Structure formats: C-alpha cells, structure tokens
Amino acid sequence: MARRKNHSRPNNKMRNLITKLNPKSPISEQYRTIRTNIQYASVDETIKSLLVTSSGPGEGKSTTIANLAVVYAQTGKKVLLIDADLRKPTVHYTFRLDNLRGLSNILVGETTLNDSVNRTDVENLDVISCGPIPPNPSELLASRKMDAFLREATDAYDIVIFDTPPVLAVTDAQIMANIVDGSLLVVRSGQTNIEAATKAKEALEPAKAKLLGTVLNGREKKASNYYYYGTN
Ligand SMILES: Nc1ncnc2c1ncn2[C@@H]1O[C@H](COP(=O)(O)OP(=O)(O)O)[C@@H](O)[C@H]1O
Ligand SMILES: [Mg+2]
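Here's what I pulled together on the structure shown here. (Residues numbered from 1 in each chain as written. Chains lettered and ligands numbered in written order. Predicted model: local features only at pLDDT ≥ 70, side-chain atom pairs only at ≥ 80, totals over all residues. Heavy atoms only, no water.)

## Focus on the pairing of strand S4 (residues 125-128)
Of the two faces of S4, the one lined by Leu125 and Val127 and the one lined by Asp126 and Ile128 are each fully buried. For strand S2 (residues 79-83) and S4, the ladder comprises four bridges, and the chain directions are parallel. Counted as the bridge partner of Ile82 is Ile128 from S4. Strand direction decides the pairing type here: strand S3 (residues 118-119) and S4, joined by two bridges, are antiparallel. Considered in S4, the bridge of Asn118 is made with Val127. The hairpin turn running from S3 into S4, its antiparallel successor, is five residues long, and Asn124 in that turn takes a positive phi close to 75°. (Buried < 20%, exposed > 50% of the residue type's maximum accessible area, 1.4 Å probe, protein only. Helix = DSSP H or I, 4+ residues; strand = E, 2+ residues; numbered from the N terminus. Pairing = 2+ DSSP bridges.)

Shown next, in the form of structure tokens:
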C-alpha cells in the first residue's frame, strides 16, 4: 500500500528539463516562444529580473521557470535562477543540488551570492537554491537585504529569474512582484479555474512589476499558439 501511495505522489527528484534534454523538440520551441514574447511585451525596457507564479500549487510554475532559464541561457545570456519558493522549494531537485546553502541563508546574512551560487551543466546558467526552509519567508523576501541582493544579482547577471509560491496562498509572490521588472502567470489546462486565475491576476496587477503575460501549461494540442508539455 505504501508503494501505491508513493506512486501517486509527484516525485520531485525525477524532474527533467526538456529544454536541456531535447532542445529541438516542439515543447522546447514553445519555451523559446515564451522567451520571445517576453521581449515583445517589454519593448521599452530591458527585463533584468522576472518571476513566475500561479494561483495555486502544481500548476507548473517551477517547470516553466526552470525551462525558461535554460532557453535564456541558450541565447548566451548570463542567467541566474533563484528559488524564492521558500515554502515548497524544488529548484534543487531539478538541478540535483544539495540545498545546504541558498537564498534563505543569504537573506539572514549567513552567506553571500558568490558563496552560495551553483554552476550548472547548462552553459551560462547559475542557480541559487532555497536553502533551509525559514520560519518567516514573507518577512525575508520583504527585507532590505532582499533589495540589496537583487541589485547585486542584476549587476552580475544579464537576467535574474525567480521561482515563487502560489500567489493566492501567501503574499510572497506579490512581495517579489514589487521588486522585479516583470511577472508571468502560469495557468494549467484542465486544472486552474477561471476565478482563481482572475484573482491571481488581480493580486499581481497592483504590483510594481509589469504583468508580462500568461503561460498556458499542459494544453495537449499541437496548436501553434499554445504552449504544451509532454513526455516525448
Ligand atoms: N504540462 C505538464 N505536463 C505534465 N506534467 C507537468 C506539466 N507541468 C508540470 N508538470 C508536473 O507537475 C508537477 C507540478 O509542477 P510544478 O512545475 O512543480 O508546479 P508548481 O511549481 O506550480 O507547484 C511536477 O511533477 C511537474 O513535473
Ligand atoms: Mg514550484
């Protein structure tokens, strides 16, 4: 019975990056389209920092942001992906990191960007994992230390990309949306309900960050304008 239970639980450790494993697949192409659309959504200003969020859990935030980070890095840009989901972090699973040190340590002054950054096997892509889960994520993200860290990160990298928790559950994503240049909202086909997506959009709109657009995740159709995800 225990085995059955494990089977139905998503196994974070099995996460694979399609854009890394199969850059020529149509799915990877869709991630590149998202990257291009971000450029078009922000013609007048260069986006140096970006976050992805969604209304609820399991909608594809972490999948989307990790693949976006890869396709940005594939253009030769120096990219830093940071796990700012200090509640249910997954970036260290995706990049097979130990997560002993990360953003939470930086924000309490225990370590620095340079001492906690991980190189990855994707050229130009560095990652900072969450670090030990702190008791007060919102407070840490809203701190002056976070502002200073973001400035340092955007000086050192061409683009800094954040994974965040669901926007309707906690304030973390809204806090982050106020300090980054742009936000993306993920909705998952067949899962996200319209009301929740609308509420998430409304929650992000007052933020300083530009809401750059919405990513439709999991649409199982090869329509050219849809981003979809599959296993082949
Ligand atoms: N389009 C998709 N098709 C199949 N599985 C997906 C898709 N998008 C995400 N997943 C899987 O669903 C789970 C939740 O996705 P994740 O990106 O972690 O969501 P979130 O960060 O929003 O909680 C993960 O196991 C991920 O691999
Ligand atoms: Mg996630």
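## Observations concerning the site of ligand 1
Taken together, 13 residues surround ligand 1, and among them Arg15, Gly58, Lys61, Thr63 and Asn217 come closest. Arg188 has a polar side-chain atom sitting 3.2 Å from an oxygen atom of ligand 1. If ligand 1 stood free it would expose 560 Å²; the protein chains cover 76% of that surface. Broken down by element, the shell around ligand 1 gets its largest block of residues, three residues, from helix H4 (residues 61-73). (Near = heavy atom within 4 Å. Polar contact = N/O pair within 3.5 Å; in protein donor to acceptor, adjacent residues only side chain to side chain. Areas by Shrake-Rupley, 256 points an atom, 1.4 Å probe, with all protein chains shown as cover.)

## Quick notes on the packing of helix H3 (residues 26-41) against H4
Running from amino to carboxyl end, H3 crosses H4 at an angle of 80°, the nearest separation of the two axes being 9 Å. The angle between H3 and H4 falls in the class roughly perpendicular. Facing H3, whose interface residues are Ser28, Tyr31, Arg32, Ile34, Arg35 and Ile38, H4 presents Thr63, Thr64, Asn67, Leu68, Val71 and Tyr72. Its residues placed into classes, the contact of H3 with H4 shows six nonpolar, four polar and two charged. (Axes fitted to C-alpha atoms, helices over the stretch in contact; angles between N-to-C directions. Parallel < 35°, antiparallel > 145°, perpendicular 65-115°, else oblique. Contact = heavy atoms within 4.5 Å. Nonpolar A, V, L, I, M, F, W, Y, C, P; charged D, E, K, R; others polar.)

## Let's talk about the pattern of salt bridges
Throughout the structure, instances matching the rule amount to five salt bridges. Put simply, Glu29 and Arg32 hold a salt bridge, and the shortest N to O gap is 2.8 Å. Residue Glu29 and its partner Arg32 are located together in helix H3, separated by three residues, close to a single helical turn. Taking relative accessible area as the criterion, Arg32 reaches 18% and is therefore assigned buried. Two residues, Asp126 and Arg119, come together in a salt bridge whose shortest N-O distance is 2.5 Å. Overall, Arg119 belongs to the exposed group, its relative accessible area being 62%. (Salt bridge = Lys/Arg side-chain N within 4 Å of Asp/Glu carboxyl O.)

## Here we look at the environment of Asn99
Summarising the element assignment, Asn99 is placed in the loop between helix H5 (91-94) and helix H6 (103-107). In the structure, Asn99 is positioned 29 residues away from Ile128 in sequence and 8.6 Å away in space, judged by C-alpha atoms. Not counting chain neighbours up to four residues away, the residues in contact with Asn99 comprise His92, Ser129, Cys130, Gly131 and Pro132. A polar contact is formed between the side chain of Asn99 and the backbone nitrogen of Cys130, at a distance of 3.4 Å. There is a polar contact of 2.5 Å between the side chain of Asn99 and the backbone nitrogen of Gly131.

## Section: helix H9 (residues 144-156)
Helix length check: H9 (13 residues) gives 19 Å between terminal C-alpha atoms against 18 Å at 1.5 Å per residue, within 8%. The set of residues buried in H9 consists of Met146, Phe149, Leu150, Ala153 and Thr154. Viewed along the axis of H9, the buried residues span an arc of 130°, placing them on a single side of the element. Exposed side chains of H9 directed beyond 90 degrees from the buried face belong to Arg144, Arg151 and Asp155. (Expected span 1.5 Å × (residues − 1). Arc of directions from axis to C-beta.)

By themselves these figures say nothing about function.
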